[in-house]
Amino acid sequence: MKKFLLSLLTLAATTSIVGAQENLLAGAIGTTVDNKEAFYNVWQVYDKDGNQITDDNKRMYSCFVKAYDSEYPNTDYEHKQITLPDCPEAFCNGNYYIIIKFPDKSYDSAPHYYSYPINIKEEGDYLLKGAAQCFSKSKTEPSDGHRLLHIAGRMAITFDDKVTPKTFSAENGKVVGSVGSNKVPTYESKVGSDENPGEEFSHTVHLTPGQKYMTIQAPACLLALGNLSLAKDGEVSVSEFLTDDDAEPEFFDLQGRRAGTDASLLEKGIYIKKTGAKTEKVAIR
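Quantities reported herein were computed from a predicted structural model and do not represent experimental measurements. (Residues numbered from 1 in each chain as written. Predicted model: local features only at pLDDT ≥ 70, side-chain atom pairs only at ≥ 80, totals over all residues. Heavy atoms only, no water.)

*Asks:* How should I be thinking about the side chain of Asn23 in this particular structure?
*Replies:* Inspection of the secondary structure puts Asn23 in the loop between strand 1 (20-21) and helix 2 (36-40). In this structure the side chain of Asn23 is engaged in a polar contact, spanning 2.9 Å, whose partner is the backbone nitrogen of Leu230. (Helix = DSSP H or I, 4+ residues; strand = E, 2+ residues; numbered from the N terminus. Polar contact = N/O pair within 3.5 Å; in protein donor to acceptor, adjacent residues only side chain to side chain.)

Structure representation (structure tokens):
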């Protein structure tokens, strides 16, 4: 009888492991706080015309942060936990999250699009989850295609083969993104304000291997994003922060294109190596 029960437990454990699906956004939130290089080793940023920004003087606005409670001595307000009533748990109790800045008239050089490279190995439905909170929202509306997002207090997420400028309109009460005259699937979430909480979001998205980037568009504000995960719909996602022991290293070129997992097969050059939440630049010689 004991052997039979042990066999059942072993089968159950094995089934759970097989059914687990890697979180494709595991490295999107790093643990190296208040360090722009750590952030921009992971995220790519683009201007209003869809040109990638590589000048450090024009991409100084964003970083990884950790939520400290009031008992921690801290002089940087961005590191204090957000204390709005009903604020998503992602921004409290020592959790790591990211701060990203979108442009207004005072910070017109801030990036318009923040993109995270993803590796979709097979077409299918994926579950996108996370939490968003807007604060320090500008009182002046942006003059470009993000104006609707600013008025509506909404963040828009798209999945792109390449990052291109978008405009946003309202259709049947929903935000719809367009590239030129072509509509693109758009997943919106409430981001709140200095006085109002944002929300935890969950979207089922249909993705193909041709979609290489998850792109964030938002109002003119500082936006906090936390608890990000993207995994095959219906399967269990592993921990948001993969430990170095659990995660397989992946290599990306400096344009964010995935180069592979085996360093011995890479051409000589500089690469971004991602191992769970850890990112570093490495030289292959």
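Alright, that's what it looks like, and here's the rest.
*Asks:* It is not clear to me how the sheet that holds strand 10 (residues 182-184) should be interpreted in this structure. Could you clarify?
*Replies:* The strands making up a sheet associate through hydrogen bonds between their backbones, and the pairing can be parallel or antiparallel. Sheet architecture is open: three strands sit in the order 8-9-10, paired in antiparallel fashion. Only two strands of the sheet have a single neighbouring strand rather than two, namely strand 8 (167-171) and strand 10. On average, each strand axis in the sheet is tilted by 45° relative to the strand beside it, whichever way the strands run. (Pairing = 2+ DSSP bridges. Axes fitted to C-alpha atoms, helices over the stretch in contact; angles between N-to-C directions.)

*Asks:* Help me out: how do you make sense of the sheet that holds strand 14 (residues 222-232) in this one?
*Replies:* A sheet is described by the order of its strands in space; here five strands give the open sequence 3-4-14-6-12, paired in antiparallel fashion. Edge positions in the sheet fall to strand 3 (63-66) and strand 12 (199-207), since each has one partner strand and no second. Going from strand to strand, the sheet's axes swing by 35° on average, the running direction of each strand aside. Where strand 3 meets strand 4 (residues 96-101), four bridges bridge the pair, whose relative direction is antiparallel. Its bridge partner lying in strand 4, Cys63 is registered against Ile99.

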